[in-house]
Structure formats: structure tokens, C-alpha cells
Amino acid sequence: MSALGAPVSAAASAILDELNDEQRAAVTHGAGPLLIVAGAGTGKTAVLTRRIAWLIAEKRARPEEILALTFTDKAAAEMESRVDVLVPYGFVGATLSTFHAFGDRLVRDHAIELGLTSQLRVGSRADLLVFLRERLFELGLERFLPLGRPDQHLDALLTVFDRARDEDVSPEHYLAFAAALAAAAGDDPEKRDRAAAELEKARVYQTYQRLLFAHGRVDFSAQISLALRLLRERPYLRREYQERFRFILVDEFQDTNHVQFELLKLLAGPNANLTVVGDDDQSIYRFRGAKIENLLGFLDVYPHARVLVLRRNYRSGQRILDLAHRMVRHNDPERLEARDPERFAKRLVAARAIEGEVVHWAFETGHDEADAVASEIAATVRSGARAPREIAILGRTHVHLDPFAFALRAQGVRFQRANQRGLYQRPEVLLCLNALRTVANPADSTASYAVLGDPLFGVDPVELATLSATARRTHRPLLELAGRAAHEEGALSPGSVEAILRFVELNRRLLEIAPRRPTSDVLYALVSESGLLGQLSATDTAEAAEQMQNLNKLFGIVTRVGPLLISDRVPDFIGHLDLLIDAGDDPQAAVVDPDDDAVQLLTAHNAKGLEFSCVYLVQLIEGRFPMKSRTDPLPFPPELDRRQDPKAEHEREERRLFYVGMTRARDRLVLTHAADVGGKRTRKVSRFVVEALELSAAPRLRQGATASESIARHAPAPSPPPPTIGPLPEDRPLELSHGRIDDYLTCPWKYRYAHVMQVPIATDPRAMYGIAIHNALNEYLQRRVRGLPVDADAVLQAFEHSWSSEGFYSREHEERRLAEGRAVLHRFVAREEGSGRTPLGVELPFKFHFGSNVVSGRWDRIDEGPAGIVLVDYKTSQVEDPVAATERARRSARTGQLGLYALAYHETRGVAPARVQLSYVSTGSVGEAMVDVETIDAARLRISEAAAGIRAAQFPAKPDPVSCRHCPFNRFCPYRSPGLDL
Ligand code: ATP
Ligand code: MG
């Protein structure tokens, strides 16, 4: 059936409004592979999102049959919001995700088949360095044994392994390659040397992979290659995914690497309903293995694919397009347009009536450059000519943006930086690290000095300076000295005495638990007992929320890195962290910005796919943009690289990146550079500026500021006031879940702690036990659903894999829990085998719109009984009495989780389930409730009530002895029910 010939519904025709012929052909393409190659701003992303909406509106696919993939979280979120606008109410459930998130989910859901636990943890580069450093002598390094500078060497090795994953080279493959090199080397000493080096890399790669798996870890680049391995090795999974995702769409296809394309091919299967859009001139991830060849390779794999080219640009003025095109043509002949000018013509025609402006500013110094840009932006924003979010400053790297951030702050202009680093420099994080350092070593006077002087303790600065000087002179630890002075009558002011005693006491308590507990527990005791959590969580500003989230990030690092250590105790942890910090590890700090109308400071990479009215491309000098090419300290063998011509690409890649930068601008593009950016040399203007503007002579430099103006620049800046957290407008989506709704209705103040401030929560062995049991049940039930053989060992293994020793008070305590879990699972398996029932679905996610709220969750299990659908939720708490179980199920249906799950079923499947159940796995008792109209209505009411309160930012406390007892924040909550015995 021809897609265009099909009758078009009203919803679908709205989707097709405004599209040009090529775009419409792309959106309404029927089945089979489709390749869209087109330049920047021609509506590629628009076509993808409309195609998703069209497929749903025309009922060619149900939302959950659609998978759309892209590269950044920002892009995925943008896609999701565009689709939400286009698709009628209630239709959610399409998977719009990044490649990594998708690979991660797939691997997690089937980790057990890879011999991994589903509690996989994904490590950052820094985590993995710690992991490797801890196991330095297990790696079998000889030639690369990096005793002097471990991190550089290990980092270089990790880069080689990443490349191997991207090229789909397994350790075995790498080993075979190295062996072949050795065999071919003969007596040639140079060749033998190389073979030996490659052999060592291959062996370490193998060992690394084995060690990672053994510890339930994966690294970022392994996610996709593991997903690929699963689909390759398990035909039933491959079929399952092919049947599930009937339509696959990929944005920015030019940036896929070898494994990603392999994964796509397997997912798309024989039907190959695969739509990909891309622009060869915007391929900018070659260093991560991106392969432009994939664009044309698409036609080798799918020779009958339909090919569409879009030529009208809806974003920029013609002048901007012309100059960008002129510049990027310097990459000829390595461009599709150069190879086939007829088919892939790229001289874009602007659909907009404006000409568009491109200017170039040249300055003497980098200061002048930053000031000029900031002044113009300040003037534009003040005059109201452009909204701040319509303005972007783009740099080649984050560091290049620093002077501009400084200058904007001086002008009082609000701005936002993506991927802002500097977590370890944040005061609240420094406070915690320093306090931990005093636990690792109470004689660390630098750390004690920082903690005592922090406003949280607040020793008088003059007294602290005197104490510190004495400590240095007498070679005694500051903390000891301060403690003694605090007990001397009249030596210090009362305020300082109180502060010192408070810290000394805290330090003593932490020292007491530190030898027995993991780092995360010590950190938790520190933040809760010092009053830091209480203080921050009582403050209602975005700044406090930001600080809380930074603490959360620190907890994230501690709970990730701690278990990588052979011994997770504070002194070991701090030792490792200090090495990482020295090696330049610098995680992102949180940014809380409820008001996103701010000037955007981004790298050209981060700006991909986005658009702004006015773009400043800055620091355009040789050596910065294009950046100097760097050679990897340890090369990945070119023989294993599946890309053509890996070397000569650097300059072309930089040029494409520049092209991406230029084509972000709608109305005005400002190119700036300065001859003096510090350092001895005068810097030359970037070759890309010369190419774009066809400059024939060196540009004249603008005059710099006078000396007094330069000094004035260093005056403290009036920073814009920090925004407070306000209400959420009705048209902005609010994400809800059972947990969130329940928290809000239990106590809005608790909701605020957990979801607005995101206060860290101590590890709780009960929660871990519950998760491990759930994973084991899931393992068993998934096998039943798929008709695979089940054995009790696999179930126990899933349980043990998910286990972690964190949070247990003692070895006996842990052993008891483990034994109990095993017994529970044995009984569960026996009961299930006896029942002869097979579930309809297990661990199925749901998501539905409720007004502008999005509610999501997961059903543990769906059964089909004689009277209809039964939703089951598993509980690990001990309820034996069937009457009590029934009572609980009824309550949950009326006012809790089961009611919400019934509503979710009703909303997403169009019918209400017949019954809902709570199934207590420990005891085998089951509580059941009928679902009727009241159940559904009550659930709706609860959502409305919670959403209204959350949107209005109403968070009054609702103290109550029972809920306060179970509240994870009761240790510091000022409103907790009186008489609560903690
Ligand atoms: P890039 O290569 O930078 O990713 P793109 O090809 O994905 O760009 P889009 O971001 O989809 O382009 O579209 C660019 C702009 O043009 C967007 O603001 C989009 O809404 C608009 N646009 C696309 N098609 C049309 C159309 N037919 N009519 C009006 N505006 C359109
Ligand atoms: Mg796009």
C-alpha cells in the first residue's frame, strides 16, 4: 500500500502541516529502510519526530513498538518533548533514548545471560582508574608497568580498550591479531618488538575484562558491545527485540560507530523498518570511533533503501549558510557532495526571508575579546532585543569559555554552562572531604583548619589563625592543640570553644565507626550528625538545592568508588581520591536552574542539533580551533581499525565541528579571536575564519581597554541573585511515580527532602535485601515467560549476584540474611512450580499522561485469570496472616500502590484489570482486592491532589508518629513527631 495513497486522518494531517514535499515523503514513508542525508537545519530532527507521531496517529505502530535513538541526553529529551506535543493524549511509551541508555537497559535486563549481575554498576573513567590501580599487579603488565606515573599509563590503556570495543574487537580477537603479528615478525627486531607490545595490550585487555565482570562492573564503552553480544549469541532475544521494536529511527547517524551500526542491523532484522538521518559534514565523534562511512555503508547493507535529500534550510539566513558551505567545502573531496554532486547537493537554500549577519571581531587580548562579547550580550538582553536563551557562546573546549563566564558575571548577565566541572572545589564538598581527611589522619592540620573555619563550625578566624601558627611552630597537630585550648579557661572566645568542641566530638565519633564501616556510612554520619543536612534542607533557595545535589554527587562517587577498593575504609578511600584529584579528575557539579532563560555557554560538541538566534564562536585561533592534533600515547593498531584513513582526519574533523558551530545561528553569527591569550606567542586567526570569510590579509585588531579599565575588571562582580525554587507552571510536565505521590501525600515536607532537595539517604540493608530478592524472582519469572528451562541454582545465583555487603552491621547479620533469602527463594520456586501458572508479563514498565503530568512505574507481574487480568506486586515484608494480607491489599487498592497500578493498566491498555494482589514472598500469603470504578477514581484523585500541591510548591510538614518513625529524614527533621525515640 502506498503511504501517500492512504487516507490521512485529521491528527495525521496536522502532523504533516507545513512540511515540504521531501519532508512529507520522509515522514510518510511506508516500510523498509530509509536514508535521509541533508545539511544542517533542513528539518532532519523535525522529520524524525513527526514520523514517530505519524506512525502512531496512522496506527502503523503502537508507541511501544517505536525505538528512536540519538547521542546526547539533551537531544533525547528534546525529541521526547517534540513528540509529546504532536501525539494525542495518552499515547506515550515509545522508547526515545541515547544509544548508551538503550544498551545499558538491554544489558541490565539480560545481564544474567552474560554471567553478570543485573545490579551492574557503570564506572566512570576515574572509577576505573581506581579499580585498575588497586589491581595493578594482577594485570600482568611488564613493558607498560607504570610505577612512576600510574594514572597516565592506565588511562592510555583504557583508551585502547575503548577503541577496541568501538571496533567490535574482543580480547580473543585482539590476542589472535597479536599472535599473528608475532608469527609474521620473523627475526626483524622492530616487528618483534611491536608484536610483543600488542600482545601485552591484548592480555591486559582480557584480564581487565575478566576482573570487571567478576566485580559486576561495566564501563561506558562496553555497554553497546555487550548489548551486541547478547543479540548475537541469543537468537530468541534477537527475535524478541525485533518483534518488539518494529520501527527504528536514528538521528545524527553520521556519528554512529562500528558497533552501534552492527547493533542497529540486528535490531532492525529482516523487516528493516529503519529510518536514519544524518549529515556527513557534521560528523564530529571520530575520536570515539564514529564512522562517516556508515552513511554510505547504509546503502551497501540495504541496497534498496529509499534515499531522500532535504535542501531547504528553515533555520538560518542565506549568508550564514553560504559562508558555512564555503568553509566546509575545504574538506573536498572527502565529502558526499564532492563524490556525487547531483545526488547530495549541499548548497542549502534558506526558507527564511532574512539575509543573516556574519561578522568577525579581532582583538589584541583575550580579555578584550571576552569583554566585548559580554558587553554586547548585556546590551542586547537589556534592550529586550533577544531573550537570553536565544544567545549562545560556543567554544572548542570548556576551558575556552572561562573568560566569557567571568565577563558575563561582571556584567550581571545570567548564563548557564553545560557540564560545568569543579565538584571537588565546591565548599560543601570540600568540607566533607576535609572532614574525612581528619578521620583518615587526625593530625592533618590543613584539613582540620578548613573544617574548623567552615561556617558550619565557625571558629573565630583570628583565633584560628593564631592556633594554626602555634601548631606549625610547635609541630603539633592543629586539632589536638585546638581541643586543648578549648578546655583552657579564657583562652578562646565562647563561640570558638563551642565550635571546636563540637567538631572534636564529631571527629571522635567518626573515628569510632570508621574502622568498622564503609566510607559511605562514615560520610553519612558526618553530614547528618554535623547538622549539615538539616541546615541545607531547611533552606529554600536554589543555592541550597544545588549544594544538596553536590553532596548527592559526592555520595554517588563514594558508593561507586568505595566498593572498588580492596578495603573500603576512609583512609584507603581518601588516599585514592587524592590521587585522582591530582591526576585531574574533576566531576561535574550540580546546576539547579528552575529558570532556564539564560545565555548558553557550550562547547561546539554540546551544541550539536541545537539552534540560537545569535551565536558567538569564540577563541578562533590556530591551536585552539582547530585544536592541535594529539597522538594517543598507546596507539590502537590501525590493522584493527575499520575506518578508512584514520590519520588524515584530524583537520577535517575540526572543520566539521566548526561547521556545526556556524550552522547553529539563525540570525546573527559573530566570529571572534584575539592575538594575545597569554603566553609568549602572538596567535594567528583560525584557518576556518579565513576560509569562511575569504580573508586575504591579517585582520586589524581592535584597541584594548585602558589600564584603569583593566583593573576595574578585577573588582568583585555583582553576581545575579540566586533564584528560589518556585511553582511549576501548568504547561510544564511533572514526572510522578507511586513513590513520589505517596511521599507527597504522606508528608509534603518529606517529598521536598527526597525529591526537591534530594537529600542523600543512608544505605539500608533492608532495601538491598528486597532488591536482591526481586532480581531473583525476576530471573525465575522471565524464564517462565520465555519458556526457558528453569533451575533453582540460576535463581539463587541471581540473588547472590545482586547481593552487596554494604550496610550490614556484622558478618553474622549478613550471613543470616543471606540464608533467609535462599530459603525464601527455594519455597517460592516450589510454590510456583506447583501452581502451573505462567505469567503474562514480568517487570513491565508503564508510563501514561495525566493532564500535563507523566506517571511511570513498573508492574512486577501480570497474570491472566478466569475473571480477567490480575496485577501482582511482590513484597518482602513478613506478613503471614491471610486476613492481614487481604486487609493490606484492599488498603493499597484504595489508597496506594495497587490502585495506581490498576489505573495505569486502565490508561495504557484501555481496560481495567479484574483484581490486584500483594504477594508476600517470605511467607507465601497473598492478599487480594477487586478493582472497580472507585479504585480507578481514587487513584486519579490521589494523582491530582499530589500534582496540585507539588506544582504549587506547597510543602507543609505532616508529622505523625508512624510515618515519622519510618521516614529516612527523621534524624534531622525539625518537624518530626514529638516523642519519637530514635
Ligand atoms: P541539524 O543538522 O542542525 O541537526 P536538522 O536538520 O535536524 O538540523 P531541525 O532542527 O529539525 O533541523 O530543524 C531546524 C529548524 O527548522 C527547526 O526550528 C524546525 O522547527 C524548523 N523546520 C523544519 N522544517 C520546517 C518546515 N517545513 N517549516 C517550518 N519550519 C521548519
Ligand atoms: Mg537535528
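This structure is a prediction, so every number in the text was calculated from the model and none was measured.

Asks: Any chance you could break down the overall build of the protein chain for me, citing the residues and the numbers?
Replies: The number of helices and strands found in the protein chain is 38 helices and 22 strands. Scaling as 2.2 N^0.38, a compact globule of 982 residues should have a C-alpha radius of gyration of about 30 Å, and the protein chain matches this with 30 Å. Considering only C-alpha atoms, the protein chain reaches an extent of 85 × 85 × 75 Å along its principal axes. Scored against the burial criterion, the 982 residues of the protein chain give a buried share of 53%. The long-range share in the protein chain, meaning contacts at least 24 apart out of those at least 6 apart in sequence, stands at 79%.

Asks: Can you lay out the pairing of strand β8 (residues 306-310) for me, pointing to particular residues and giving the numbers?
Replies: Burial of β8 is extensive: 4 of the 5 residues sit out of reach of the surface. Sheet analysis places strand β1 (residues 34-38) next to β8, joined by 5 bridges and oriented parallel. The partner of Leu 34 across the bridge, within β8, is Arg 306.

Asks: Provide a residue-level description of the nonpolar core, including the pertinent values.
Replies: Tyr 174, Leu 452, Leu 523, Val 527 and Ile 943 are the most contacted members of the largest nonpolar core, which totals 138 residues. The biggest single contributor to this core is helix α25 (residues 542-561), with 9 residues. Excluding residues that lie within four positions of it along the chain, Leu 523 makes contacts with Cys 432, Leu 436, Leu 554, Phe 555 and Val 558. Of all hydrophobic cores here, the second largest spans 42 residues; its members include Leu 228, Tyr 241, Ala 268 and Tyr 302.

Asks: Quick rundown of unusual backbone geometry? Include the residues and the values.
Replies: Here Asp 332 and Pro 333 are connected by a cis peptide whose omega angle stands at 5°. Tracing the backbone through its elements, the reader meets Pro 333 in the loop between α14 (318-328) and α15 (336-339). With a phi close to 60°, Lys 59 is a non-glycine residue in the positive phi region. Take Lys 59: it is sitting in the loop between α3 (44-57) and β2 (66-70).

Asks: Give a detailed account of a positive patch on the surface, specifying residues and quantitative values.
Replies: A cluster of basic residues, Arg 888, Arg 890, Arg 891 and Arg 894, forms a positive patch at the surface. Its place among the elements puts Arg 890 in helix α35 (residues 882-895).

Asks: How would you explain the site of ligand 1 if you had to name every residue and give the values?
Replies: In the vicinity of ligand 1 lie 19 residues, with Gln 23, Lys 44, Thr 45, Glu 611 and Arg 664 positioned nearest. Thr 42 is positioned such that a nitrogen or oxygen atom in its backbone is 3.2 Å from an oxygen atom of ligand 1. The contact in question runs from an oxygen atom of ligand 1 to an N or O atom on the side chain of Arg 664, over 2.8 Å. For ligand 1, the accessible surface in isolation is 640 Å², of which the surrounding protein chains cover 83%. For the shell around ligand 1, the element with the most residues is α3, which contributes 3 residues. By residue class, the composition of the shell around ligand 1 is 4 nonpolar, 8 polar and 7 charged.

Asks: Describe in detail the packing of helix α18 (residues 427-440) against helix α26 (residues 570-582), supporting the description with residues and values.
Replies: One way to put it is that α18 packs onto α26 with a least axis distance of 9 Å and a crossing angle of 130°. Compared by their axis directions, α18 and α26 come out oblique. Pair α18 / α26 crosses with left-handed handedness. Contacts between α18 and α26 involve Leu 433, Leu 436, Arg 437, Val 439 and Ala 440 from the first element and Val 570, Pro 571, Ile 574, Leu 577, Asp 578 and Ile 581 from the second.

Asks: Tell me about the sheet that holds strand β16 (residues 665-676), and name the residues and values.
Replies: Judged by pairing direction, the sheet is parallel, and its 6 strands sit side by side in the order β11-β16-β15-β12-β14-β13 without closing on themselves. Edge positions in the open sheet fall to β11 (357-365) and β13 (415-417), since each of these has one partner strand only. On average, each strand axis in the sheet is tilted by 20° relative to the strand beside it, whichever way the strands run. As defined by bridge partners, β13 adjoins strand β14 (residues 599-603) across 3 bridges and the pair is classed as parallel. The residue of β14 that forms the bridge with Phe 415 is Val 599. Together, β11, β12 (391-395), β14, β15 (612-617) and β16 form the strand contacts of helix α16 (residues 366-383), whose direction differs from that of β11 by roughly 140°. Those strands touched by helix α17 (residues 402-410) are β12, β13 and β14, and its axis lies near 155° from that of β13.

Asks: An account of the sheet that holds strand β7 (residues 274-278) is needed here, citing residue identities and associated values.
Replies: Taken in spatial order, the 6 strands of this open sheet run β3-β2-β6-β7-β1-β8, and their pairing is parallel. Edge positions in the sheet fall to β3 (95-98) and β8, since each has one partner strand and no second. Sheet twist, expressed as the mean angle between neighbouring strand axes with direction ignored, is 15°. Bridge count between β2 and strand β6 (residues 247-250): 4 bridges; the pairing is parallel.

Asks: Tell me about the pairing of strand β19 (residues 853-865), residues and numbers included.
Replies: Sheet faces and side chains relate simply in a regular strand, where the side chains alternate between the two faces. Of the strand pairs in this sheet, strand β17 (residues 734-736) and β19 are connected by 3 bridges, and their pairing is parallel. The residue of β19 that forms the bridge with Leu 736 is Val 855. One ladder, built from 9 bridges, connects strand β18 (residues 841-850) with β19; its direction is antiparallel. The residue bridging Val 842 from the neighbouring strand is Arg 861, located in β19. Here β19 pairs with strand β20 (residues 868-875) via 5 bridges, running antiparallel. In the sheet register, Glu 864 faces β20, and the bridge partner there is Ile 869. If you look at the hairpin formed by β19 and β20, you'll find 2 residues sitting between the two strands.

Asks: Any details on the pattern of salt bridges? Residues and values, ideally.
Replies: Where charged atoms of side chains with opposite charge meet at close range, the side chains can pair. Here the structure, examined in full by the defined rule, presents 73 salt bridges. Residue Glu 779 pairs with Arg 783 through a salt bridge whose shortest N-O separation is 2.6 Å. Of this pair, Glu 779 and Arg 783 both sit in helix α32 (residues 765-786), 4 residues apart, which is roughly one turn of the helix. No difference in accessibility class separates Glu 779 from Arg 783, as the two residues are buried. Taken together, the shared-partner salt bridges connect Asp 279, Asp 280, Asp 281, Arg 329, Asp 332, Arg 335, Glu 337 and Lys 346 into one network.

Asks: Which residues make up the packing of aromatic side chains, and what are the values?
Replies: Scanning the model with the defined rule gives 32 aromatic pairs in all. Summarising the aromatic geometry, the rings of Phe 261 and Phe 298 are spaced 6.3 Å apart at their centres and angled 20° between planes, so their arrangement reads as stacked. Placement of the pair is Phe 261 in helix α12 (residues 258-268) and Phe 298 in helix α13 (residues 293-301), with a sequence separation of 37 residues. Given the relative accessible area of 4%, Phe 261 is considered buried. Members of the aromatic cluster, joined through ring pairs, are Phe 161, Tyr 174, Phe 177, Tyr 205, Tyr 208 and Phe 636. Sitting above the plane of the Tyr 769 ring, Arg 817 keeps its charged end 3.8 Å from the centroid.

Asks: An account of the environment of Ser 221 is requested, with residue identities and associated values reported.
Replies: By the element assignment, Ser 221 lies in the loop between β5 (217-219) and α10 (222-233). By relative accessible area, which is 11% here, Ser 221 ends up buried. The sequence separation of Ser 221 and Gly 103 amounts to 118 residues, and the corresponding C-alpha distance is 9.9 Å.

Asks: Residue-level account of the environment of Asn 313, with values.
Replies: Position of Asn 313 relative to the elements: it lies in strand β9 (residues 312-313). Taking relative accessible area as the criterion, Asn 313 reaches 1% and is therefore assigned buried. In the structure, Asn 313 is positioned 176 residues away from Phe 137 in sequence and 57 Å away in space, judged by C-alpha atoms. Sequence-distant contacts of Asn 313, defined by excluding residues within four places in its chain, comprise Ala 40, Gly 41, Thr 42, Leu 321, Leu 348, Val 349, Ala 350, Ala 351 and Arg 352.

Asks: Report on the packing of helix α30 (residues 738-746) against helix α31 (residues 748-756), specifying residues and quantitative values.
Replies: Between α30 and α31, the least distance of the axes is 5 Å, while the angle of their chain directions is 135°. By the angle between their axes, α30 is oblique relative to α31. Taken together, the residues of α31 that come into contact with α30 (itself represented by Arg 740, Asp 743, Tyr 744 and Thr 746) are Pro 748, Lys 750, Tyr 751, Ala 754 and His 755. The residue inventory of the contact of α30 with α31, partitioned by class, reads 4 nonpolar, 2 polar and 3 charged.

Asks: Go over the confidence of the model for the protein chain, please, and point to the residues and values.
Replies: Per-residue confidence for the protein chain averages 87 on the pLDDT scale, and 92% of its residues sit at or above 70. Confidence scores differ between elements of the protein chain, with helix α29 (residues 707-712) showing the lowest mean pLDDT of 52 and β15 the highest of 98. Per-residue pLDDT stays below 50 along residues 1-6; that stretch engages in 9 contacts with residues further than four places along the chain or on separate chains.

Asks: An account of the environment of Thr 541 is needed here, citing residue identities and associated values.
Replies: Position of Thr 541 among the secondary structure elements: in the loop between α24 (532-537) and α25. When its relative accessible area of 23% is taken as the criterion, Thr 541 is described as partly exposed. Taking C-alpha positions, Thr 541 is 9.3 Å from Gly 726, a pair spaced 185 residues apart along the chain.

Conventions adopted
- Residues numbered from 1 in each chain as written.
- Chains lettered and ligands numbered in written order.
- Predicted model: local features only at pLDDT ≥ 70, side-chain atom pairs only at ≥ 80, totals over all residues.
- Heavy atoms only, no water.
- Helix = DSSP H or I, 4+ residues; strand = E, 2+ residues; numbered from the N terminus.
- Rg over C-alpha atoms; globule rule 2.2 N^0.38 Å.
- Buried < 20%, exposed > 50% of the residue type's maximum accessible area, 1.4 Å probe, protein only.
- Contact = heavy atoms within 4.5 Å.
- Pairing = 2+ DSSP bridges.
- Core = buried A, V, L, I, M, F, W, Y, C linked by side-chain atoms within 4.5 Å.
- Patch = residues over 30% accessible without salt bridge, like charges linked within 9 Å, V, L, I, M, F, W, Y side chains within 5 Å.
- Areas by Shrake-Rupley, 256 points an atom, 1.4 Å probe, with all protein chains shown as cover.
- Salt bridge = Lys/Arg side-chain N within 4 Å of Asp/Glu carboxyl O.
- Lys, Arg positive; Asp, Glu negative; His and termini not counted.
- Charge placed at Lys NZ, Arg CZ, Asp CG, Glu CD.
- Near = heavy atom within 4 Å.
- Polar contact = N/O pair within 3.5 Å; in protein donor to acceptor, adjacent residues only side chain to side chain.
- Nonpolar A, V, L, I, M, F, W, Y, C, P; charged D, E, K, R; others polar.
- Axes fitted to C-alpha atoms, helices over the stretch in contact; angles between N-to-C directions.
- Parallel < 35°, antiparallel > 145°, perpendicular 65-115°, else oblique.
- Left-handed = near helix turned anticlockwise from the far one by under 90°.
- Phe/Tyr/Trp six-rings, centres within 6.5 Å; stacked < 30°, edge-to-face > 60°.
- Lys NZ or Arg CZ within 6 Å of the ring centre and 35° of its normal.
- pLDDT = per-residue confidence, 0-100.

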